[in-house]
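Residue-level structure breakdown
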Amino acid sequence: MQVLSRQSLPLFCVELPLGAMMKTGPWPENTVTNQCVKSLLRGSSLADIFISYARADREKVEQLASALEGEGYSVWWDRHIESGAEFSADIERELEAAKAVIVCWSEEGAKSRWVKDEATIAHRAGKLKTISLDGTEPPIGYMQFHSHGMSSWKGGRDETQFIELRDSIAAHLAKLGEEAPVPQTAMAKSESPSIASLSDKILKPLPLAAMAATVVAIIAGVMVMGRGNNDGATENVAAIAQEIDRSKSIAVLPFADFSSEGNQEWFSDGLTDEILNSLARTPDLLVASRTSSFSYKGTSKETRIIAQELGVAHILEGSVRRAGDRLRITAQLIRASDGFHLWSQNYDRSTDDTITIQEEIAIEIAKALKTAMDPEALIAMAEVGTHSVEAYELYLRARAIIDGWQDGSAQERLSPIELIEQARAIDPQFAYAHWEAAFYYRQQLSPTRIGSDNDLSDVEGDLEKFLERIDAAIATAPRAADREIYQGMKSEMLFQQRRALESYERFAEAYPLARDAWFGLANAQINFGDFEAARQSLTNLRPLIENEQRDYGPYVLYSVYVQDYQGAAAFAREALKKAPNNGLVIYQAHRAFLWNGAVDEARDLLPLLDASPMPQSAREFAKVRQACADGDRQTAEAIIAGFSERDLSGRWMGAYLLGEKDEAADLLRPYDRAAPPYPLESFLAYPFFDPTPFPNISALMAREGITPPPILDAPFLCPPAEAN
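Each chain carries its own residue numbering, running from 1 in the written order of its sequence. pLDDT decides what is reported in this predicted model: residues at 70 or higher carry local features, side-chain atom pairs at 80 or more are listed and counted, and totals for whole chains, interfaces and linings draw on all residues regardless. Heavy atoms from the whole structure form the basis of all side-chain values; hydrogens and water molecules are not counted.

**Looking at the overall build of the chain**
- Regarding its fold elements, the chain presents 34 helices and 13 strands.
- Think of it in three bands: with a 1.4 Å probe and only protein chains considered, a residue is buried below 20% of the maximum accessible area for its type, exposed above 50%, and partly exposed in between. Looking at the chain as a whole, 55% of its 724 residues are labelled buried.
- In this analysis, two residues are considered to be in contact whenever any of their non-hydrogen atoms come within 4.5 Å of each other. By sequence separation, contacts in the chain at least 24 residues apart represent 65% of the contacts at least 6 residues apart.
- About 30500 Å² of surface is accessible on the chain, with carbon and sulfur atoms providing 49% of the total. A run of H or I in DSSP becomes a helix once it reaches four residues, and a run of E becomes a strand once it reaches two; helices and strands are each numbered from the N terminus. Using the Shrake-Rupley algorithm and a 1.4 Å probe, accessible areas are obtained, with residue cover drawn only from the displayed protein chains.

**Digging into unusual backbone geometry**
- Positioned with a positive phi, Phe 495 is a non-glycine residue whose angle comes to about 55°.
- With respect to the helices and strands, the residue Phe 495 is situated in the loop between helix H21 (480–493) and helix H22 (497–510).
- A positive phi angle, close to 65°, is found at Gln 563, a residue other than glycine.
- Considering the arrangement of structural elements, one finds Gln 563 in the loop between helix H25 (552–561) and helix H26 (565–578).

**Side note on the pattern of salt bridges**
- Any Lys or Arg side-chain nitrogen located within 4 Å of an Asp or Glu carboxyl oxygen qualifies as a salt bridge. According to the stated counting rule, one finds 41 salt bridges in the structure shown.
- The residue Arg 603 makes a salt bridge to Asp 630 at a minimum N-O spacing of 2.7 Å. Residue Arg 603 is located in helix H28 (residues 599–603), and its partner Asp 630 is located in the loop between helix H30 (616–629) and helix H31 (633–641); the two are separated by 27 residues in the primary sequence.
- Since its relative accessible area comes to 32%, Arg 603 is described here as partly exposed.
- Between Arg 633 and Glu 637 there is a salt bridge; the shortest N-O distance is 2.9 Å. In this pair, Arg 633 and Glu 637 both sit in helix H31, four residues apart, roughly one turn of the helix.
- Overlapping salt bridges, with partners in common, bring together Arg 515, Asp 516, Glu 548, Arg 550 and Asp 551 in one network.

**So, the sheet that holds strand E4 (residues 128–132)**
- The strand order E2-E1-E3-E4-E5 describes an open sheet built from five strands, whose pairing is parallel. Lying at the two open borders of the sheet, with one neighbouring strand each, are strand E2 (75–76) and strand E5 (147–149).
- Paired strands are those between which DSSP finds at least two bridges. Inspection of the sheet shows strand E1 (residues 49–52) paired to strand E3 (residues 100–105) by four bridges, in the parallel sense. Across the sheet, the residue bridging to Ile 49 is Ala 100, located in E3.
- Axes here mean lines fitted to C-alpha atoms, for a helix over just the part in contact, with angles spanning 0 to 180 degrees between N-to-C directions. Seen against the sheet, helix H4 (residues 58–70) touches E1, E2, E3 and E4 and runs at an angle of roughly 170° to E1.
- Of the strands in this sheet, E1, E3, E4 and E5 touch helix H7 (residues 160–175), which is tilted by about 155° from E5.

**Section: helix H24 (residues 531–541)**
- In terms of burial, H24 is a largely internal element, nine of the eleven residues being buried.
- Within H24, burial applies to Phe 531, Ala 533, Ala 534, Gln 536, Ser 537, Leu 538, Thr 539, Asn 540 and Leu 541.

**Section: the nonpolar core**
- Throughout, nonpolar core names a set of buried Ala, Val, Leu, Ile, Met, Phe, Trp, Tyr and Cys residues whose side chains join them through atoms within 4.5 Å. Leu 316, Ile 361 and Tyr 486 are the most contacted members of the largest nonpolar core, which totals 149 residues.
- Among the elements that take part in this core, helix H17 (residues 389–407) stands out by supplying nine residues, more than any other.
- When near neighbours in sequence (up to four residues on either side) are disregarded, Leu 316 contacts Ile 250, Ala 251, Val 252, Leu 253, Phe 255, Ile 275, Ala 331, Gln 332, Leu 333, Trp 343, Ile 361 and Ile 365.
- Ranked by size, the runner-up nonpolar core spans 21 residues in total, among them Ala 65, Ala 67, Cys 104 and Ile 169.

**Details of the side chain of Arg 625**
- Positionally, Arg 625 belongs in helix H30.
- Counted as positive: Lys and Arg. Counted as negative: Asp and Glu. His and the chain ends are not counted at all. In this structure Arg 625 is buried but unpaired, with Asp 647 as the nearest side chain of opposite charge at 10 Å.
- Those residues in contact with Arg 625, other than ones at most four positions away along the chain, are Tyr 587, His 590, Arg 591, Leu 594, Leu 657 and Phe 716.

**A closer look at the environment of Pro 613**
- Looking at the secondary structure, you find Pro 613 in the loop between helix H29 (606–610) and H30.
- As a C-alpha pair, Pro 613 and Gly 583 span 30 residues in sequence and 6.2 Å in three-dimensional space.

**Considerations on the confidence of the model for the chain**
- When pLDDT is averaged across the chain, the result is 78; 80% of the residues are at 70 or more.
- The pLDDT score gives, residue by residue, the confidence of the prediction method on a 0 to 100 scale. Mean pLDDT values for the elements of the chain range from 24 in helix H10 (residues 208–211) up to 97 in H28.
- A low-confidence stretch, residues 1–45 (pLDDT under 50), is modelled with 83 contacts involving residues beyond four sequence positions or located in other chains.
- When the criterion is pLDDT under 50, residues 406–413 qualifies, and its contacts beyond four places in sequence or with other chains add up to six contacts.

**So, the packing of helix H27 (residues 583–595) against H30**
- The geometry of H27 relative to H30 is characterised by a closest axis approach of 11 Å and an angle of 15° between their N-to-C directions. Classified by the angle their axes make, H27 and H30 are roughly parallel. Here the hand of the crossing between H27 and H30 comes out left-handed. Note on element contacts: H30 touches H27 through Ala 618, Phe 621, Ala 622, Arg 625, Gln 626 and Ala 629, opposite Tyr 587, His 590, Arg 591 and Leu 594.
- Charged residues are taken to be Asp, Glu, Lys and Arg, nonpolar residues to be Ala, Val, Leu, Ile, Met, Phe, Trp, Tyr, Cys and Pro, and polar residues to be all remaining types, Gly included. Among the residues forming the contact of H27 with H30, the class breakdown is six nonpolar, two polar and two charged. With respect to orientation, any angle under 35 degrees is reported as roughly parallel, any angle over 145 as roughly antiparallel, any angle of 65 to 115 as roughly perpendicular, and every other angle as oblique. What makes a crossing left-handed is the near helix being turned counterclockwise from the far one by less than a right angle; a clockwise turn instead makes it right-handed.

**Here we look at the packing of aromatic side chains**
- Between the rings of Phe, Tyr and Trp (Trp by its six-membered ring), a pair exists once the centres lie within 6.5 Å; its type follows the angle of the planes, with under 30 degrees stacked, over 60 edge-to-face, and the other angles tilted. For the structure shown, the criterion picks out 28 aromatic pairs.
- When the centroid spacing of 5.7 Å and the interplanar angle of 5° are considered together, the rings of Phe 689 and Phe 694 count as stacked.
- Owing to a relative accessible area of 2%, Phe 694 belongs among the buried residues under this scheme.
- Ring-over charges, as used throughout, are those where CZ of Arg or NZ of Lys falls within 6 Å of the ring centre and within 35 degrees of the ring normal. A cation over an aromatic ring shows up here: Arg 322 above the ring of Phe 267, its NZ or CZ 4.7 Å from the ring centre.
- The ring of Trp 266 has Arg 397 sitting right over it, with the charged end atom 4.0 Å from the ring centre.

**Quick look at the packing of H26 against H27**
- Relative to each other, H26 and H27 sit at 145°, their axes nearing to 8 Å. In this structure, H26 meets H27 at a crossing whose hand is left-handed. Where H26 approaches H27, its residues Tyr 565, Ala 568, Ala 569, Ala 572, Arg 573, Ala 575 and Leu 576 are matched on the opposing element by Val 585, Ile 586, Ala 589, Ala 592, Phe 593 and Trp 595.
- Here the residues of the contact of H26 with H27 sort into twelve nonpolar, no polar and one charged.

**Digging into the pairing of strand E8 (residues 249–252)**
- Alternating residues of E8 divide into Ser 249 and Ala 251 and Ile 250 and Val 252, and every residue in both groups is buried.
- When E8 meets strand E10 (residues 286–287), the two strands line up parallel, connected through two bridges. Of the residues in E10, the one forming a bridge with Ser 249 is Leu 286.
- In this sheet, strand E11 (residues 314–323) lies alongside E8 in parallel orientation, the contact comprising three bridges. Note that in E11 the partner of Val 252 across the bridge is Leu 316.

**Remarks on the pairing of strand E12 (residues 326–335)**
- In the sheet, E11 pairs with E12 via ten bridges, with the strands oriented antiparallel. Within the sheet, the bridge partner assigned to Ala 323 lies in E12 and is Arg 326.
- Between E11 and E12, which pair antiparallel one after the other, the connecting turn spans two residues, and Gly 324 there sits at a positive phi close to 60°.
- For E12 and strand E13 (residues 340–350), the ladder comprises ten bridges, and the chain directions are antiparallel.

**Here we look at helix H23 (residues 515–528)**
- Between its first and last C-alpha atoms H23 spans 20 Å; for 14 residues at 1.5 Å apiece the expected length is 20 Å, and the two agree.
- Most of H23 sits out of view: 13 of its 14 residues are buried.
- Residue Gly 529 follows H23 closely and has a positive phi angle near 85°. In a helix, the anticipated span is given by 1.5 Å times the number of residues less one.

Okay, structure coming up:
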């Protein structure tokens, strides 16, 4: 039985004052302190007992660790582990090496995906012991294990609750052929600092830059332990995501407009959209995307079939009647497996109650699905961000136009930005309106966006408008996690890539089942140059998008960006089977096939792309790629010659594919700005983009500690002019 004490440490550690070991790091390589720390963390720290707990229970867990150490056990716990902390190889090793794992259930612990994951690992290894710190029952999936009640324990080693736990651990060790250790005296304990107290002080000051290389992976309670085990991690993610689909998953179908004149569709769609968005903020609830749900608008399919196709267990549907200042909304939550109505409600109210009704529906649905959120958190989750019905309805109208632009059904000529700006003026505290406005101006500065036709004639003005609106969104954000996503976008625009990465990590921690959170994190990791971490984020994301057609195209694109060409092509083939008419999927699949060398397979997609609603510029550029891959430079040149002067991205990539690299660089030089480099920043993800001709962005990359990945030539370059 290993008892970690000063006698068990390497000699050079014993000679080193504890104060030196506990100073802030990092320490220079090969120093005595550094060698001691490495020995503590990697060699001598493997403990008998690993304690898993939620951060809110730190004080009581510290009592428990102290009592167990008093019994002679070595104990590993880390008071700084919380949702979003780095789950390092050291922690994995401790969990694997421990002879017993004590999982602490509590109100917070039962919600923690970290704790549940550690409990699953311990159970599989046959060394799980569970206790309840406050009387909370274990969560579903763990109720079959006996849990020692510790809610009335005061911290003494002679109390019945602790003795029962101690004896249970001793019995478990006896089965392993281990003897219980000899309890320490108070004097011995005071002279023998535990590894917990040392690691607490040693690990805390490590700079976040060192942590960024290993990205947190929390999907439905799954922790990915190390990057060398991606296959196992994927299996775990998929298994738990499947379990969530069966229990806590929902699709919000478009509410039907039953108004007498049939002219309130913008309102019924907006109401649906906002309920969906509210539910998506529930951390343990998997919500089908708007695109997936709205594809069933006006359908006559059975609820059961829709749920099967979307991979969800529940359906929310409803209707809206609006006449004058009166509003009637009907909503019902249906369990798809048997058609049982779990909840239904009719609302006959004034239009002044629009916001209240939406919030009430979201809260009631979350309650009915028994999410882990407490009442106060549910209220915060459902808040739309404004108490002004006028501002809210302007916001809904703007969203309807934006969604119409995306699916090609827009009929209103009024720009959404005008409506959003009106909403902002009416309620300056409306964070989501500020966010939508900021996003609009970011798009104006993104020449690589598909269909972009902004001439970038006022970069300074658009950037100023973006910053004003994103700062307003940050200042008024109703939730801390919302501030993170807003700050992440701002940091990207200012080329503060390290800070952007940190913000997106925290956002993904807050909403681990939100697909956009993981796309955002993967994008930040790509910008930071950490392809390995981005690949892991995509691996974690994969189970969450199985039934989300809107995410197939971006997933293929990001797989190309991280240079996983074989994986991108394989996923594209699956996506094309599920979404054969999705223009974005076809476009990105064409790109992936060419990068993977499947030239004939790519060519077969061009007729499908031509028949899709993709912008003409995107369809034409796919033809350029294909012509070059086929060795037909003349056709490629003819298409490129017809590109609009406003299509900066198309002209740049066209020049590159023709082998005119100097001309391509000349097109971008006017946008090589020192502070900040947008819109040039948006080109960095391309595998063949070379930043060296651009001194300002190169300097900013050096400032952020970004090492550019090797520049790759596209395998579908056009043949030289003389060869053609």
